[in-house]
Amino acid sequence: MSDPRPAAIRRLSAAGVGNPRLDSRLLWDYAQRNPGQFEALVKRRLAREPVAYIIGAKEFWSLEFEVEPGILIPRPETETIVEQVLDRFPGSSAPLKILDLGTGSGCLLVALLKEYPNARGLGIDGSDQALVVAGRNIARHDLTARAEIRRGNWLNDLAGGPWDVIVSNPPYIPSGDIAGLEPEVRDYEPLGALDGGPDGLDAVRALAAGFRRLGSGTAFVEIGAGQAESAQSLMAAEGLSVHHVAPDLAGIPRVVVTGLAVRAPAKKVLE
Ligand SMILES: C[S@@+](CC[C@H](N)C(=O)[O-])C[C@H]1O[C@@H](n2cnc3c(N)ncnc32)[C@H](O)[C@@H]1O
């Protein structure tokens, strides 16, 4: 039988798939472990299902993570958070306490615990499915002794701490923009991991209010393109000092780095 890959690349390209050559290779490699399936896998990709869901895996920070429909696929721009934490906390021996809000696949928590072998961490998510998948990724990377996963609504009712590092990649796409996203994202990725409300900043608002209650630590929050000014204002309105907003590799302001030591509240004037 002739090699089916060149035709697959042509069909994927004609269907508007962004990286037909790479996707064909990933599907081919996966089909070697699941013989006879290549054509079926290509058909799923032609329907714009993301490759990561088809093969059940995605690389983040050079580590492999299990993913499945219902779990956000880790993105390269989210690695900016890991870089920023490493920048701010140099020296891998630090016994940091790390909190990951909206942990999803657990990619941020796992990457950070790999970088800091003496650190411990807690991942929070509102989705039961995320807790299961994050738990599997933690076990896969031998981190069960140092990582815990819990169901929660951002920082509400969160016990424990104090935390040194708080990371979060919350949903931040404005609701009205969801319909215009690529089909891979719009039709397959979970809305609860994407939709940030009318201006995309609902979660950042909730996080900023919660950070104020924490009172210490450094927060690293991912935001969408064009949200830097508003996100900084939301942090400032809670009395928090934004250190800087770090760009991703494309130069887009992407991670708001904020000190959580709350400034003294303005004195209440007695009537
Ligand atoms: C954009 S995804 C990020 C997943 C992962 N941290 C990553 O970077 O790939 C946002 C995550 O936040 C979770 N989430 C949404 N609303 C939440 C809430 N109110 N409390 C906790 N987690 C929430 C979603 O279930 C989803 O897993």
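Above: the structure in question.
Report follows, based on the coordinates.

Thresholds, definitions, all that
- Residues numbered from 1 in each chain as written.
- Predicted model: local features only at pLDDT ≥ 70, side-chain atom pairs only at ≥ 80, totals over all residues.
- Heavy atoms only, no water.
- Near = heavy atom within 4 Å.
- Polar contact = N/O pair within 3.5 Å; in protein donor to acceptor, adjacent residues only side chain to side chain.
- Areas by Shrake-Rupley, 256 points an atom, 1.4 Å probe, with all protein chains shown as cover.
- Nonpolar A, V, L, I, M, F, W, Y, C, P; charged D, E, K, R; others polar.
- Pairing = 2+ DSSP bridges.
- Helix = DSSP H or I, 4+ residues; strand = E, 2+ residues; numbered from the N terminus.
- Expected span 1.5 Å × (residues − 1).
- Buried < 20%, exposed > 50% of the residue type's maximum accessible area, 1.4 Å probe, protein only.
- Contact = heavy atoms within 4.5 Å.

## What about the site of the ligand?
In the region of the ligand, 18 residues are neighbours, and Gly-102, Asp-125, Asn-153, Trp-154 and Asn-169 sit closest. Note that a nitrogen atom of the ligand is positioned 2.8 Å from one of the backbone N or O atoms of Gly-102. A distance of 2.6 Å separates an oxygen atom of the ligand from a polar atom in the side chain of Asp-125. Computed on the free molecule, the ligand has an accessible area of 590 Å², of which 88% lies beneath the protein chains in the complex. Split by residue class, the shell around the ligand holds seven nonpolar, 10 polar and one charged.

## Overview of the pairing of strand β1 (residues 57-60)
Inspection of the sheet shows β1 paired to strand β2 (residues 63-66) by four bridges, in the antiparallel sense. Bridging across to β2, Phe-60 finds its partner in Leu-63. From the end of β1 to the start of β2, which pair antiparallel, there are two residues, and Trp-61 there has a positive phi angle of about 55 degrees.

## Comments concerning helix α9 (residues 202-214)
Here α9 is 13 residues long and its end C-alpha atoms lie 19 Å apart, about the 18 Å a rise of 1.5 Å per residue gives. Looking at α9, one finds that the buried residues are Ala-203, Val-204, Leu-207, Ala-208, Gly-210 and Phe-211. Next to the buried residues of α9 lie β3 (97-101), β6 (165-168), β7 (218-222) and α10 (228-237). A positive phi of about 80 degrees marks Gly-215, the residue just after α9.

## Section: the side chain of Ser-168
Tracing the backbone through its elements, the reader meets Ser-168 in strand β6. We classify Ser-168 as buried; its relative accessible area is 0%. In contact with Ser-168, other than residues within four places in its own chain, are Ile-81, Leu-101, Trp-154, Leu-207, Phe-220, Val-221 and Glu-222.

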